[in-house]
Amino acid sequence: AQSVTQLGSHVSVSEGALVLLRCNYSSSVPPYLFWYVQYPNQGLQLLLKYTSAATLVKGINGFEAEFKKSETSFHLTKPSAHMSDAAEYFCAVSDLGTGFQKLVFGTGTRLLVSP
Amino acid sequence: EAGVAQSPRYKIIEKRQSVAFWCNPISGHATLYWYQQILGQGPKLLIQFQNNGVVDDSQLPKDRFSAERLKGVDSTLKIQPAKLEDSAVYLCASSSQRSGRNEQFFGPGTRLTVL
């Protein structure tokens, strides 16, 4: 079964600094990978997704992620953090084991942005 | 386009009581998902519907949880009787196709507290 591991339950950065949130996946087939963001008391919103096209995926709000098969990684980055980026970020892999898509989520990383 | 609607947003009950949550997916979306998100964890799929049929309920505690999607549109998730460990946010999501490429759209969730 597919799974994802997010390293670091909390990441703290200063406003304007580089954001790097780590995600490693385990999959027996070429994976579809997703990053979602969750703001307090809200549902999840898709940031970006990898579906076997370009390995560098650009998403909303200036985020991007690079699929690296050799490292089984799909890390999320943003060159310059903004206060509004403070939220919980979830990496997910699509599991088609039953023939129907289901998402398997990591445990999440809370991004803290200080002035 | 209206998003995924859920109600209520918050619910507090005592253990052994019953509770029900309602979800209305995005119009035209055939696939509907219910996730459980315990504090500090990523969402975990409870049940997945394709139209009004169940395609995956492998992680649904069937002794106390039930769900239905009559007419293939809105859905209800019920817990009877509730336990303390059921305290969580219950997220509903929908997608237009069963393909692993497709984005799932999430509702705001229902936060359940069991005392």
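To keep things clear, this report deals only with the structure shown in the data block. (Residues numbered from 1 in each chain as written. Chains lettered and ligands numbered in written order. Predicted model: local features only at pLDDT ≥ 70, side-chain atom pairs only at ≥ 80, totals over all residues. Heavy atoms only, no water.)

Quick look at the nonpolar core now. Residues and elements named next belong to chain A. By size, the foremost hydrophobic cluster in this structure holds 26 residues, and its most contacted members are Trp35, Leu48, Phe74, Leu76 and Tyr89. For this core, the secondary-structure elements that each account for two or more residues are strand E2 (10-14), strand E3 (19-21), strand E5 (33-38), strand E6 (44-50), strand E8 (64-68), strand E9 (73-78), strand E10 (87-95) and strand E12 (109-114). No other element matches the 4 residues that E10 contributes to this core. Among all residues touching Leu76, those that are not within four sequence positions of it are Val19, Leu20, Leu21, Trp35, Leu47, Leu48, Phe63, Glu64, Ala65 and Tyr89. (Core = buried A, V, L, I, M, F, W, Y, C linked by side-chain atoms within 4.5 Å. Buried < 20%, exposed > 50% of the residue type's maximum accessible area, 1.4 Å probe, protein only. Helix = DSSP H or I, 4+ residues; strand = E, 2+ residues; numbered from the N terminus. Contact = heavy atoms within 4.5 Å.)

Its location among the elements puts Lys78 of chain A in strand E9. Every residue in contact with Lys78 of chain A, bar those within four places of it in the chain, is listed here: Ala17, Leu18, Val19, Asn61, Gly62, Phe63 and Asp85 of chain A.

Let us now look at the packing of aromatic side chains. All chains considered together, the criterion is met by 14 aromatic pairs over all chains. What links up through ring pairs into an aromatic cluster is the set Phe34, Tyr36, Phe90 and Phe105 of chain A together with Tyr33, Tyr35 and Phe106 of chain B. (Phe/Tyr/Trp six-rings, centres within 6.5 Å; stacked < 30°, edge-to-face > 60°.)

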